[in-house]
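Summary of the model geometry
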Amino acid sequence: MILPALEAYDVSVPVVIVGAGAAGLCAALAAKEAGAEVLVLERDPVPRGSTALSAGLVPAAGTRWQREAEIKDSPDLFAADIMAKAVGEPDAEEVGTVTRAVGPALEWLADAHGLAFSVITDFRYPGHSANRMHGLPSRSGEELVDRLRDAAERAGIDILCDARAIALHAAGDGRIAGLTLRRPDGAEDTLGCGALVLACNGYGGNKGLVRQHVPALSDALYFGHPGNQGEAILWGEALGAATRHLPGHQGHGSVAHPVGILITWATITEGGVQVNLQGRRFSDESHGYSEQAAKVLQQPEGIAWTVFDARIAGIAGQFEDFRRAESAGAILEAESVSALAAATRLPEAALTETLAELQRLKSAGSTDAFGRSFAGIPQLSPPYRAVRVTGALFHTQGGLVVDSSARVTRPDGSAFPNLFAAGGAACGVSGPQASGYLSGNGLLTAVALGRIAGRGAGALAQGACA
């Protein structure tokens, strides 16, 4: 809802940020560093959001952690990988902006705020030309959002939880003068602002918008945050802002079912495969986990089994989610193919034939009928592992069009005076298809655009106060 600007507000703050995930907290830290007073609004009792549901991995090129590991990479190579995965559909200027900004942003978070990043070196996600995924020790999104919240609290940034923004107040020139907040008990307050950053993600939790823009996943498990209701996009559209690539989204073809735990795609990239309930492979699993979601959901009962081995489980074990899945009993172990078929209740003859064909492909370094190359990929060997999975929608990638300063723009390219967007609220760099999602694109724009938006909002607010 867009309301007219008020003459006075209950409280006024120079910079207001809607959403306390990675994007909002990075924006808050940057705005505070720029000298502005900041208030972050979070609809939940504690900041969690989509960030906490992710693996917490941020792709960045040319970082000091890569140099220490002797990994050759650059923002230009990273940008080329993004454009290749999305077949040239993302905005090249935005891609360049975020790939140049994200490395310095991670080093800033490490140096100024103590976040202990390191780069993953023992496997590479599909589509990346170099090892460039950076994460905290637990390799979990929960740790990432917790450490960002801790940093914000140390910086003296106020985070107002259980506060849902329900309306923006706009002046005639498009300037956002304030917001209306609603508390869980129904009480409402008005809040004035000098600059506003929308960091409240996309619309994945809004069934109506998902049916409209991503009908193939309208009945899929939603593995994102239920608070992602698309307010930023709806507010932007009501203001006359430009949107782009609204059907774009990140799916995931490997959520343990029924326990609902994300299973790292290293189970596939290191040589594992997926089979359906008939014991047969059905796709090129290596292309990417986002597009794999729809392929899994097309199988009988919307279910697949990811089959791998102890070696791969050792690599996957660095992720807290995988360890949780092991503790929950979701990861099955078997000493033979026959025992694996019994444990999974898959047809033994079909599974035996499938894994024998996989062995032949790997021995020959061949490409299968689906187009997956097995050149240089190690054989699976007992003890085997398997996990029952389904496909899910994680978050949307389309959103408000922003400029190089993360300011929201109109269809004619002009920018709103004091409105910024970052993370899932802004159009990402994955294009309009699930297949365009390159691993880490979500946290890429959260961290990079978050810092850019915070800097811009902070400088604008400081200028207005001067």
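Summarised in this report is the structure supplied together with it.

**Considering helix 10 (residues 289–297)**
- The set of residues buried in helix 10 consists of Tyr289, Ser290, Glu291, Gln292, Ala293 and Val296.
- Considering only its buried residues, helix 10 is in contact with helix 4 (75–85), strand 13 (249–256), strand 15 (273–275), strand 16 (303–309) and strand 18 (384–396).

**Some points on unusual backbone geometry**
- That bond from His257 to Pro258 is cis: its omega, 10°, falls within 30 degrees of zero.
- Positionally, Pro258 belongs in the loop between strand 13 and strand 14 (261–262).
- Residue Pro383 is bonded to the preceding Pro382 through a cis peptide linkage, with omega at 5°.
- Phi is positive for Glu301, which is not a glycine, with a value near 65°.
- By secondary structure assignment, the location of Glu301 is in the loop between helix 10 and strand 16.
- Located in the positive-phi region is Arg345, a residue other than glycine, with phi close to 60°.
- Residue position: Arg345 is located in the loop between helix 13 (337–344) and helix 14 (348–364).
- Assessed through its relative accessible area of 78%, Arg345 is described here as exposed.

**Considering the pattern of salt bridges**
- Within this structure, the stated rule accounts for 23 salt bridges.
- Note that Asp146 is salt-bridged to Arg48, the shortest N-O span being 2.5 Å. One end of the pair, Asp146, is in helix 6 (residues 141–154); the other, Arg48, is in the loop between strand 3 (38–41) and helix 2 (49–53), with 98 residues separating them in the sequence.
- A network of salt bridges, in which partner residues are shared, links Arg48, Glu142, Asp146, Arg147, Arg149, Asp150 and Glu153.

**Concerning the environment of Ala31**
- Locating Ala31 in the fold gives a position in helix 1 (residues 22–33).
- Classification of Ala31 as buried rests on a relative accessible area of 0%.

**Here we look at the nonpolar core**
- Residues Ile17, Leu109, Leu148, Leu179, Leu196 and Leu198 are the most contacted members of the largest nonpolar core, which totals 90 residues.
- Examining the composition of this core, we find that 10 residues originate from one element, helix 15 (residues 441–465), more than from any other.
- Val296, Val307, Ala316 and Tyr437 belong to the second-largest nonpolar core, a separate cluster that totals 47 residues.

**Let's talk about the environment of Gln433**
- Within the secondary structure, Gln433 sits in the loop between strand 21 (415–421) and helix 15.
- For Gln433, a relative accessible area of 44% corresponds to the partly exposed category.
- Sequence separation of Gln433 and Val214 is 219 residues, and the distance between their C-alpha atoms is 9.3 Å.
- Each residue touching Gln433, except ones within four places of it in the same chain, is listed here: Glu89, Gly248 and His249.

Definitions and cut-offs
Counting of residues starts from 1 at the beginning of each chain's written sequence and follows it residue by residue. Residues qualify for local features only when their pLDDT is at least 70, as the model is predicted, and side-chain atom pairs are given and counted only at 80 or more; totals for whole chains, interfaces and linings, by contrast, use all residues. Side-chain descriptors were evaluated using all non-hydrogen atoms of the structure, hydrogens and water having been removed beforehand. Classification of residues uses two cut-offs on accessible area relative to the type maximum, computed with a 1.4 Å probe and protein chains only: under 20% is buried, over 50% is exposed, and between them is partly exposed. Helical segments are the DSSP runs of H or I of at least four residues, strand segments are the runs of E of at least two, and each set is numbered from the N terminus. Contact criterion: two residues are considered in contact whenever any of their non-hydrogen atoms come within 4.5 Å of each other. When a carboxyl oxygen of Asp or Glu is within 4 Å of a side-chain nitrogen of Lys or Arg, the pair counts as a salt bridge. Within this scheme, the nonpolar core is defined by two criteria: the residues are buried Ala, Val, Leu, Ile, Met, Phe, Trp, Tyr or Cys, and they are joined through side-chain atoms within 4.5 Å.

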